[in-house]
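This is what each chain is made of:
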Amino acid sequence: MNLLLIAVGAALVNNVVLSQFLGLCPFIGVSKKVDTAAGMGGAVIFVITIASAVTSLIYTFILEKLDITYLQTIVFILVIAALVQFVEMFLKKTMPSLYQALGVYLPLITTNCAVLGVALINVQKSYGFLSSVINGFGTAVGFTISIVIMAGIREKIEYNDIPESFKGTPIVLVTAGLMAMAFFGFSGLIK
Amino acid sequence: MSKAIERLKCGIITENPTFVQMLGMCPTMAVTTSAVNGIGMGLTTTVILILSNMMISALRKVIPDKVRIPAYIVIVASFVTIVQFLLQGFVPSLYDSLGIYIPLIVVNCIILGRAESYASKNNVWLSMFDGIGMGLGFTIGLTSIGIFRELFGNGTIFGFQIMPSQYEPVTILILAPGAFFVLACLIAIQNKVRLNKAKKEGIPVSCEKENGCAGCTNTLCSGRQFAEQNSETK
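Residues numbered from 1 in each chain as written. Chains lettered and ligands numbered in written order. Predicted model: local features only at pLDDT ≥ 70, side-chain atom pairs only at ≥ 80, totals over all residues. Heavy atoms only, no water.

### Focus on the overall build of chain A
Along the backbone of chain A there are nine helices and zero strands. Traced from its N-terminal end to its C-terminal end, chain A shows the element sequence α-α-α-α-α-α-α-α-α. Here chain A has a C-alpha radius of gyration of 17 Å; the compact-globule value for 191 residues is 16 Å, and the two agree. C-alpha atoms of chain A, sized along the principal axes, occupy 60 × 45 × 30 Å. Within chain A, contacts between residues at least 6 apart in sequence are counted, and of these 76% link residues at least 24 apart. For chain A, the accessible area works out to roughly 8,500 Å², and carbon and sulfur atoms hold 68% of it. (Helix = DSSP H or I, 4+ residues; strand = E, 2+ residues; numbered from the N terminus. Rg over C-alpha atoms; globule rule 2.2 N^0.38 Å. Contact = heavy atoms within 4.5 Å. Areas by Shrake-Rupley, 256 points an atom, 1.4 Å probe, with all protein chains shown as cover.)

This is how it looks when you write it as structure tokens:
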């Protein structure tokens, strides 16, 4: 039950993009069409869940054991970069169809604040292994939900009469702000 | 000497990371809930930017090209860790209010972008000034957005009550959606200025950026490379 609360909290209440402002670059850049957005979301779920698991293990069994937890930032970012490389190579060899679908988004995720952010939050909240994985999964699902909704809205407003200076990024940000307000409705969900 | 001053002017005015280049949007939105946080984050990023620019510039002939990105990341992450502990020890209130965004400076596009596009190609002295310029530009950007949001969202600046007591603060401005709205208006104003300038000079210009990232000057951000790839196929 506690795990469910963590997942829902991560996905909706503390939505990674709309409430914590992590992962904004891909959010604005990749949300033009619903299928690219869904593809990006899928890749993000994949990477963040694995990254949460791996960083949690490394923290517990290496950093804490050797009492070098102050190296967490450096170690985490290197691990995440290496992980994305491995995932890409692994997918290419074993599941080429999945690689075709997700492959182009994977390098995009490495410098994404969201992955490092989730790893650091897991440590900050002292989550065990399972809670870290669920938190990571929930966060990524929240990212996917928001990016797909954004893509859907963007496809529709493309035909609207937008003021000249608001075309492009500004209208996307206004939409994101309205979505953030909508997601406020979730704030009493977990108590 | 004038090359160094030119770096300063570039970072603060002509290529301001917040207003012109649109880099580092994540911390910009998250941290500008008050002017104090804005200045704190800006100065922290400036310090890290200066140190990492200098270090990367000093090592630029030594780092092999194939591993330069991981090398930059390790250098930046090390400085971030050091600065993080210094903040925790000496300015704990700032450390608490900036929270998780301090370690996230590692993936701040500004730092890696400057490392890739300037520090790896120029000497230590100029790289230091580039870091000071960009960092100050970022700080000015953050502080001005922070002042705006705090003034209208809370009635205060740096904690001092400015607005009269009858003023009903627009609380949404200091919450998450407010950040999006303020940034949207900021970019819209810029677009308007650019459009007016183009109309005066008679050049047809569309202010529609291909994707939010494609117009970004940060060549290191994979979002921009992705957008470039895609703009051919779409």
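### A short note on the overall build of chain B
Tallying secondary structure elements over chain B gives nine helices and two strands in all. Out of the 234 residues belonging to chain B, those deemed buried represent 53%. Partitioning the intrachain contacts of chain B with sequence separation of at least 6 by distance along the chain shows that 70% fall at a separation of at least 24. Counting only carbon and sulfur atoms, one obtains 66% of the accessible surface of chain B, whose full area is about 10,700 Å². (Buried < 20%, exposed > 50% of the residue type's maximum accessible area, 1.4 Å probe, protein only.)

### Remarks on the interface of chain A and chain B
Between chain A and chain B, the contact holds 45 residues from the first and 45 residues from the second. Contact between chain A and chain B buries roughly 3,900 Å² in total, counting both sides, with carbon and sulfur atoms accounting for 79%. On the surface where chain A and chain B come into contact, there are two residue pairs in polar contact (both at pLDDT 80 or more). Elements that contribute at least two residues to the side of chain A that touches chain B include exactly helix H2 (24–29), helix H4 (72–94), helix H6 (106–110), helix H7 (113–124) and helix H9 (169–183) of chain A. Sort the elements by how many residues they give to the side of chain A that touches chain B and H9 of chain A lands first, with nine residues. In terms of residue class, the side of chain A that touches chain B is built from 29 nonpolar, 12 polar and four charged. (Buried area = accessible area lost by both parts, 1.4 Å probe. Polar contact = N/O pair within 3.5 Å; in protein donor to acceptor, adjacent residues only side chain to side chain. Nonpolar A, V, L, I, M, F, W, Y, C, P; charged D, E, K, R; others polar.)

### Focus on the environment of Val-16 of chain A
Residues and elements named next belong to chain A. Structurally, the position occupied by Val-16 is in the loop between helix H1 (2–13) and H2. Note on Val-16: relative accessible area 2%, which makes it buried. Each C-alpha atom of the pair Val-16 and Arg-154 lies 20 Å from the other, and the pair is 138 residues apart in sequence. Beyond its immediate chain neighbours, meaning those up to four positions away, Val-16 contacts Ala-10, Phe-21, Leu-22, Ala-114, Thr-139 and Phe-143.

### Quick notes on the packing of aromatic side chains
Inspection of the entire model under this criterion finds five aromatic pairs over all chains. An angle of 50° between the planes, with centres 5.5 Å apart, marks the rings of Phe-21 of chain A and Phe-180 of chain B as tilted. On the criterion of chain membership, the pair formed by Phe-21 of chain A in the loop between H1 and H2 and Phe-180 of chain B in helix H8 (residues 176–201) is interchain, its members lying in two chains. This pair shows no difference in class: Phe-21 of chain A is buried, exactly as Phe-180 of chain B is. (Phe/Tyr/Trp six-rings, centres within 6.5 Å; stacked < 30°, edge-to-face > 60°.)

### Some words on unusual backbone geometry
Residue and element names in this part refer to chain A. In this structure, Asp-67 is a non-glycine residue whose phi angle is positive, near 60°. Within the element layout of this structure, Asp-67 appears in the loop between helix H3 (34–63) and H4. On the basis of relative accessibility, which here comes to 60%, the residue Asp-67 falls in the exposed class. Positive phi, normally seen in glycine, also occurs at Ser-126, with a value near 50°. The topology assignment puts Ser-126 in the loop between H7 and helix H8 (129–157). Classification of Ser-126 by relative accessible area gives exposed; the value is 63%.

Everything listed here is a matter of geometry and, on its own, says nothing about what the molecule does.
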